[in-house]
Amino acid sequence: GEGRDTREYMAGVTQVLSPLAILQSTVTVSRGRGGFDDPYKSTLTFYPDEVLPVLFPDRRPDRRNALAWLTRYRRHFPAANGTLQLDYRFFRDDWGIRAHTLEAAWQQDLGERWAIRPALRYYTQSAADFYAPLVPRPQPQVLSSDQRLAAFGGISPSLRVSLRLDNGFTVQ
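This one's a predicted model, so the numbers in the text were calculated from it and none came from an experiment.

Criteria and thresholds
Note that residues are indexed from 1 along each chain, following the sequence as it is written. Only residues with pLDDT of at least 70 get local features here, since the model is predicted, and only at 80 or more are side-chain atom pairs given and counted; chain-wide, interface and lining totals rely on the full set of residues. Note: side-chain values were computed over all heavy atoms of the structure, leaving out hydrogens and water. Only strands that DSSP links by at least two bridges are regarded as paired with each other. Helix numbers and strand numbers start at the N terminus; a helix is a DSSP run of H or I with at least 4 residues, a strand a run of E with at least 2. The nonpolar core is taken to be a set of buried Ala, Val, Leu, Ile, Met, Phe, Trp, Tyr and Cys residues, with the residues joined through side-chain atoms within 4.5 Å. Relative accessibility thresholds used throughout: buried, under 20% of the residue-type maximum; exposed, over 50%; partly exposed, between the two (1.4 Å probe, protein chains only). Contacts are assigned to residue pairs that have any heavy atoms within 4.5 Å of one another. The definitions used throughout rest on a 1 Å grid laid over the protein atoms alone, on which a cavity is an enclosed set of points accommodating a 1.4 Å probe that cannot get out and a pocket is an open set flanked by protein within 12 Å on both sides along at least five of seven lines; lining residues are those having an atom within 4 Å of a point. Grid points are joined across faces, edges and corners, and a volume is the space filled by probe spheres set on the points. Nonpolar residues are Ala, Val, Leu, Ile, Met, Phe, Trp, Tyr, Cys and Pro. Charged residues are Asp, Glu, Lys and Arg, and all others, Gly as well, are polar.

Caption draft 1: Representation of the sheet that holds strand β5 (residues 63–77) within the structure. Taken together, the eight strands give an open sheet; going across it, the order is β1-β2-β5-β6-β7-β8-β9-β10, and neighbouring strands pair in antiparallel fashion. Every other strand in the sheet has two partners, leaving β1 (4–18) and β10 (170–171) as the edge strands with one partner each. In terms of strand pairing, strand β7 (residues 98–110) meets strand β8 (residues 114–125) through ten bridges, oriented antiparallel. Its bridge partner being in β8, E103 is matched across the sheet by R121.

Caption draft 2: Just the nonpolar core, in detail. By size, the foremost hydrophobic cluster in this structure holds eleven residues: F36, A66, A68, F91, W95, I97, A99, Y123, A128, F130 and L149. If near-sequence neighbours (up to four positions away) are discounted, F36 is found in contact with R4, T6, R60, P61, D62, R63, R64 and W95. Grouped together as the second largest cluster of nonpolar side chains are five residues, F56, A132, V135 and L143 included.

Caption draft 3: Up close: the pairing of strand β3 (residues 42–45). Burial along β3 is one-sided: T43 and T45 are buried, and none of S42 and L44, which face the opposite way, are. Alignment of β3 against strand β4 (residues 54–57), held across four bridges, turns out to be antiparallel. Residue S42 lies in a different strand from β4, and its bridge partner there is P57.

Caption draft 4: Representation of the layout of surface pockets in the model. Each pocket or cavity is described by its volume, and for the largest pocket that value is around 160 Å³. In terms of lining, the largest pocket is formed by T6, E8, T28, V29, S30, F36, R64, A66, A68, R89 and F91. Counting residues per element, the ones that place at least two in the lining of the largest pocket are β1, β2 (21–34), β5 and β6 (82–93). Its residues assigned to classes, the lining of the largest pocket comprises five nonpolar, three polar and three charged.

Here you go:
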């Protein structure tokens, strides 16, 4: 039942490089205070000297300040009727998380209404300072076993098909 207040500030710039290419960069800063705990998560820990497992609640810091920097490049190739799309995003916060996302895609127009967009995305993230899959002794003040706060990474392929309707809507 604890409230949270998060304020975000964003600034960006877009530069037209040529009639066929554009570069966009945006920085977002967020400052949050309040309840970041996840009341529905707990850590189940087994200690060698305990008969039964022990359950600890998720406890996170009551503040979170973050910075995200997104840069996008778009280049249209008229002869191929397609557009190269490159995105890079850097994220950091005062919980110790550092993340990098790199995505490359090709938007291929198939006539006036249809388009297909294959993409490949790479993501990597460091763990939050207070992340632990098990609870150590002595128990720290802040600790979470939420896997979204763990270090991880991966490569994800994707495929998007789009249909532009006559009324201006797009179905993907």
